[in-house]
Each structure stands twice: as structure tokens, then as C-alpha cells.
Amino acid sequence: GGNTWTNYGAAQFGTGVIQKIVIDPSDRNTLVACVANGGAARGIWRSTDAGISWTQVQVTNLSMHDLEVSAENGGRTWWCVAGSSLTGGRIYKSEDGIIWAEVTSPSTVLEGRMDVACSKVDRNTVYILATGAEQIYKTTNAGASWISVKNNFPNHRTGSDNYNWSQKTYDY
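Residues numbered from 1 in each chain as written. Predicted model: local features only at pLDDT ≥ 70, side-chain atom pairs only at ≥ 80, totals over all residues. Heavy atoms only, no water.

### What to know about the sheet that holds strand β8 (residues 101-103)
In sheet architecture, strand pairing relies on hydrogen bonds along the backbone and comes in two forms, parallel and antiparallel. Rules: At least two bridges found by DSSP between two strands are what make those strands a pair. A run of H or I in DSSP counts as a helix once it spans at least four residues, and a run of E counts as a strand once it spans at least two, with each numbered from the N terminus. In this analysis an axis means a line fitted to C-alpha atoms, helices contributing only their contacting stretch, and an angle means the value between N-to-C directions, from 0 to 180 degrees.
Spatial strand order, β5-β6-β7-β8: 4 strands in an open sheet with antiparallel pairing. Edge positions in the sheet fall to β5 (63-69) and β8, since each has one partner strand and no second. Taken over all neighbouring pairs, the strand axes of this sheet differ in orientation by 30° on average, direction set aside. Here strand β6 (residues 78-83) runs beside strand β7 (residues 90-94); their pairing, made up of 5 bridges, is antiparallel. For V81, the partnering residue across the bridge sits in β7 and is I91.

Encoded structure:
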């Protein structure tokens, strides 16, 4: 496999940069993508025909950077994060991948980039890597509140030792 490729979505995404595509665990024909740059293409997109056609389900002027889907226990939650050096980081969540709501961000720093990771056991547990704030945040209540869990992070900024944070713009 992989000898032949077909380009889908070029008309919808234009110059947008697709940062990540996630396959719905319960329906392999449903895909959700987060898109950065590209003007009107920025935001969250959804396909129900395995990527042949796409619909923009969340429009934003922010560059969407990462997308994950949580564990299935008690239902599924989709999470997407965006960053902007001008307006700060944003966190969005959705119960169905179609309707998205912004969740209060734990970081007040102007985030250039954020990443998200969901627990595979508990759909309410989510981690956010906020590189501008040099923090790792955790929620256990689906984003209602966040705590920093960076204290035991190896090489977190102590004196001049900031190697992990110096890699934040290109190493992940």
C-alpha cells in the first residue's frame, strides 16, 4: 500500500496548514482536523466520508495546533488547542466533534503554541503543554479548573538550565 495517493481537501483548505487529523475511534470514515495559518481555512474541520469532502465546524482567526480525542468511558470528548503570540492560547472541547465551545485557559501568557493530551482511562483528565508559560497543566474535571504539574518535569527552568523549554518552537 501507499503507492498511489489522491489529493482531497485542497479546495477547502487552500493555503491552510493541516496540523493534525484524528480518526473517530467509533467511525473510521469520520475525521476531524485542526488547521493553522491559511486565513479563512484556520479552525477545526470535519469529514464524514473518509476525507473526500470537509466542512469547517469551528472558525477562528487563531492557528489550531493540536487535536485529541479522550477515552470512551462515559462518552467521548474532543479537545483542540490554539495559540497566538498576539491573543494567547485557547482551548476548545466538543462532545461530538461538530459543536465546539471554548474552555477557560489555565495560562494567561501569550502562547505561541500549545499541545494537548487526553487520558485513555478518564475522559475528564486532560493535559496541556503551554510553551509560552513554560507550564504543563492538568484538569481532572473536563477543563473546569487546571493545576500546574510541572514541578517534577526534568530540567524545568532552574537558573540557566532551560533546555527543554528552549526546544519549544520546533522540537515537537
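### Some words on the pattern of salt bridges
For clarity, the cut-off: The working definition used for a salt bridge is a side-chain nitrogen of Lys or Arg within 4 Å of a carboxyl oxygen of Asp or Glu.
Tallying each qualifying case throughout the model produces 4 salt bridges. Close ionic contact of K20 with D66 constitutes a salt bridge, the shortest N to O distance being 3.4 Å. Placement of the pair is K20 in strand β1 (residues 17-24) and D66 in strand β5, with a sequence separation of 46 residues. We note a salt bridge from R90 to E102, for which the minimum N-O separation is 3.3 Å. You can see R90 sitting in strand β7 and its partner E102 sitting in strand β8, a full 12 residues away along the chain. By sharing partners, the salt bridges in this structure join K20, D66 and E68 into a single network.

### Some thoughts on a nonpolar patch on the surface
What counts is decided by this rule: The patches reported here contain residues having more than 30% relative accessible area and no salt bridge. Joining distances are 9 Å for like charges and 5 Å for nonpolar side chains (Val, Leu, Ile, Met, Phe, Trp, Tyr). Per-residue and other accessible areas follow the Shrake-Rupley method at a 1.4 Å probe size, with only the shown protein chains counted as cover for residues.
A cluster of nonpolar side chains, contributed by Y127, I147 and V149, occupies part of the molecular surface with about 240 Å² of accessible area. For Y127, the location among the structural elements is in strand β10 (residues 126-130).

### Side note on the packing of aromatic side chains
Selection criterion: What counts as a ring pair is set by centres within 6.5 Å for rings of Phe, Tyr and Trp (its six-membered ring), and what kind of pair is set by the plane angle: stacked under 30 degrees, edge-to-face over 60, tilted for all other angles. A 1.4 Å probe rolled over the protein chains alone gives each residue an accessible area, and that area as a share of the maximum for its type sets the label: buried under 20%, exposed over 50%, partly exposed in between.
Taken as a whole and assessed by the stated rule, the structure comprises 2 aromatic pairs. Aromatic side chains F13 and W45 sit 4.9 Å apart centroid to centroid with 65° between the ring planes, which places their arrangement in the edge-to-face category. Of the two residues, F13 sits in helix α1 (residues 10-13) while W45 sits in strand β3 (residues 43-47), which places them 32 residues apart along the sequence. No difference in accessibility class separates F13 from W45, as the two residues are buried. Among the aromatic residues, those joined into a ring-pair cluster are F13, W45 and W54.

### As for the pairing of β7
Pairing geometry for β7 and β8, over 3 bridges, is antiparallel. When the sheet's bridge partners are listed, K93 is paired in β8 with A101. Taking the residues that link successive antiparallel strands as the turn, the β7-β8 hairpin has 6 residues, and the phi of G97 there is positive, at about 80°.

### Here we look at the environment of R28
Structurally, the position occupied by R28 is in strand β2 (residues 27-36). Placed 20 residues apart in sequence, R28 and T48 show a C-alpha to C-alpha distance of 8.7 Å.

### Structural notes on the side chain of R46
Test applied: By the counting scheme adopted, Arg and Lys are positive, Glu and Asp are negative, and His together with the chain ends is not counted. Contacts are assigned to residue pairs with any non-hydrogen atoms lying within 4.5 Å of each other.
Here R46 lies in strand β3. We note that R46 is buried and unpaired, the nearest opposite charge coming from D24 at a distance of 5.4 Å. Those residues within four positions of R46 in sequence are excluded, and the remaining contacts are T30, L31, V32, S53, W54, T55, V57, D96, G97 and I98.

### Considering the state of the cysteines
Our working definition: When the sulfur atoms of two cysteines come within 2.5 Å, that pair is taken as a disulfide.
Counted under the stated rule, the structure contains 0 disulfides. With no disulfide of its own, C34 lies 4.5 Å from the sulfur of C80, the closest cysteine sulfur. Relative accessible area serves as the criterion here: at 0%, C34 is assigned to the buried category. The class of C80 is buried, set by a relative accessible area of 0%.

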